[in-house]
Amino acid sequence: MEEKKQGKLYLCATPIGNLEDITFRVLRTLKEVDLIAAEDTRNSIKLLNHFEIRTPMTSYHEYNKIEKAYQLVEKMREGKNIALITDAGTPGISDPGEDIVRICYEEGIEVTSLPGAAACITALTMSGLPTRRFAFEAFLPKDKKEHQAVLAELAGETRTIIVYEAPHHLKKTLAELCDVLGGERKITICRELTKRHEEKLQTTLSDSLQYYEAHDPRGEYVLIIAGKSRDKIRQEEQQAWESMSIPEHMEYYESQGIAHKEAMKLVAKDRGVSKRDIYQSLIL
């Protein structure tokens, strides 16, 4: 008897604002699959109606993500193909999609991703800040201890940082980032991405706080924040070394078994001076 072929999970990116940003491949897949799992069926039905897609829907969201994932896996075992969509953007990015993907791999179900819109990449590319290396933080953790730990990690982050934020938390988050990263840090604040009234505010953290004292935040925000410059890190390291006396600095290295001459080289490098300057200081 021929074994029944298993179905597949299709992660389908949907528009983050402008409906024209959906791909032909996603539209075809949404029409061809047996079932669409949506984060909010009330929201997604508008998208499906717009493109005349009649495929049945079921809910898959934060509050049923584990139990429902196993139910969907069983349907795929039976040969059903399922598309996963989020309210906007790419499933698995800051939403419960990552859980069903993990469970599918654990259960031997094939997963594929159909690329499309993602707010983080859209905002990053238009931010005017470096794009080669970036750290995607999404929404900062709600747990107070974890929240503070993440902020502390971001203080030394050299990559461009991407943070999502809701309007009612925006001012508080900007204030925290200003305290931790410094008010002079560059930031591009994006809202209403891909929509008619799309906005980009390129400023600094301190100036952004002043701006939102005069303008009420509305809509979902993507914050693109410049990473800490390596020059700034070197400057801070040098200042830390200079807080020690040169004999103390030498002792720091010699106590680790480093020879006197080699320790002098290291001290000179740390302090941004010549080895001769260190030698002269020690003999005076």
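The coordinates are above.
The model shown is predicted, which means the values in this text are computed figures rather than measured ones. (Residues numbered from 1 in each chain as written. Predicted model: local features only at pLDDT ≥ 70, side-chain atom pairs only at ≥ 80, totals over all residues. Heavy atoms only, no water.)

Colleague: What is the right way to look at the sheet that holds strand β2 (residues 35–38) in this model?
Modeller: Remark on secondary structure: sheet strands pair via backbone hydrogen bonds, oriented parallel or antiparallel. Pairing is parallel across the open sheet formed by five strands, whose spatial order is β3-β2-β4-β1-β5. The two strands at the open ends of the sheet, each matched to only one other strand, are β3 (57–59) and β5 (110–114). Between one strand axis and the next, the sheet turns through 25 degrees on average, direction left out of account. Of the strand pairs in this sheet, β2 and strand β4 (residues 82–85) are connected by four bridges, and their pairing is parallel. (Pairing = 2+ DSSP bridges. Helix = DSSP H or I, 4+ residues; strand = E, 2+ residues; numbered from the N terminus. Axes fitted to C-alpha atoms, helices over the stretch in contact; angles between N-to-C directions.)

Colleague: Teacher, can you tell me more about empty space enclosed by the protein here?
Modeller: The gaps left among the atoms become clear once a water-sized probe is rolled over them. Across all of its chains, the model carries one cavity of 30 Å³ or more by this definition. A volume near 50 Å³ is recorded for the largest cavity. In terms of lining residues, the largest cavity is bounded by Glu39, Tyr60, Leu84, Ile85, Thr86, Pro91, Asp95, Pro96 and Gly97. Residues of the lining of the largest cavity, tallied by class, amount to five nonpolar, two polar and two charged. (1 Å grid on protein atoms, 1.4 Å probe; cavity = no way out; pocket = protein on both sides within 12 Å on 5 of 7 lines; lining within 4 Å. Points joined across faces, edges and corners; volume = space filled by probe spheres on them. Nonpolar A, V, L, I, M, F, W, Y, C, P; charged D, E, K, R; others polar.)

Colleague: Would you explain the sheet that holds strand β9 (residues 199–204) in this entry?
Modeller: The five strands are arranged β6-β7-β10-β8-β9 in an open sheet whose pairing can be described as mixed. Looking at the sheet topology across the chains shown, the edges are occupied by β6 (134–139) and β9. Ignoring strand direction, the axes of neighbouring strands in this sheet form an average angle of 15 degrees. Note that strand β8 (residues 186–191) and strand β10 (residues 221–225) share five bridges and pair antiparallel.

Colleague: Would you mind showing me how to read unusual backbone geometry here?
Modeller: Keep in mind that most residues, glycine aside, have a negative phi and that most peptide bonds are trans. In the Ramachandran plot, Glu52 falls in the positive-phi region, its phi being about 55 degrees despite a non-glycine side chain. Structurally, the position occupied by Glu52 is in the loop between α2 (41–50) and β3. In this structure, Glu192 is a non-glycine residue whose phi angle is positive, near 55 degrees. By the element assignment, Glu192 lies in the loop between β8 and β9. For Glu192, a relative accessible area of 23% puts it in the partly exposed group. (Buried < 20%, exposed > 50% of the residue type's maximum accessible area, 1.4 Å probe, protein only.)

Colleague: Can you help me understand the packing of helix α3 (residues 65–77) against helix α4 (residues 97–106) in this one?
Modeller: Helix-helix packing: each pair is described by the crossing angle between the helix axes and the interaxial distance. At a minimum axis separation of 9 Å, α3 and α4 run at an interaxial angle of 45 degrees. It follows that α3 is oblique to α4 by the angle criterion. In this structure, α3 meets α4 at a crossing whose hand is right-handed. Packed against α3, whose contacting residues are Lys65, Ile66, Ala69, Tyr70, Leu72, Val73 and Met76, the element α4 presents Asp99, Ile100, Arg102, Ile103, Cys104 and Glu106 at the interface. Its residues assigned to classes, the contact of α3 with α4 shows nine nonpolar, no polar and four charged. (Parallel < 35°, antiparallel > 145°, perpendicular 65-115°, else oblique. Left-handed = near helix turned anticlockwise from the far one by under 90°. Contact = heavy atoms within 4.5 Å.)

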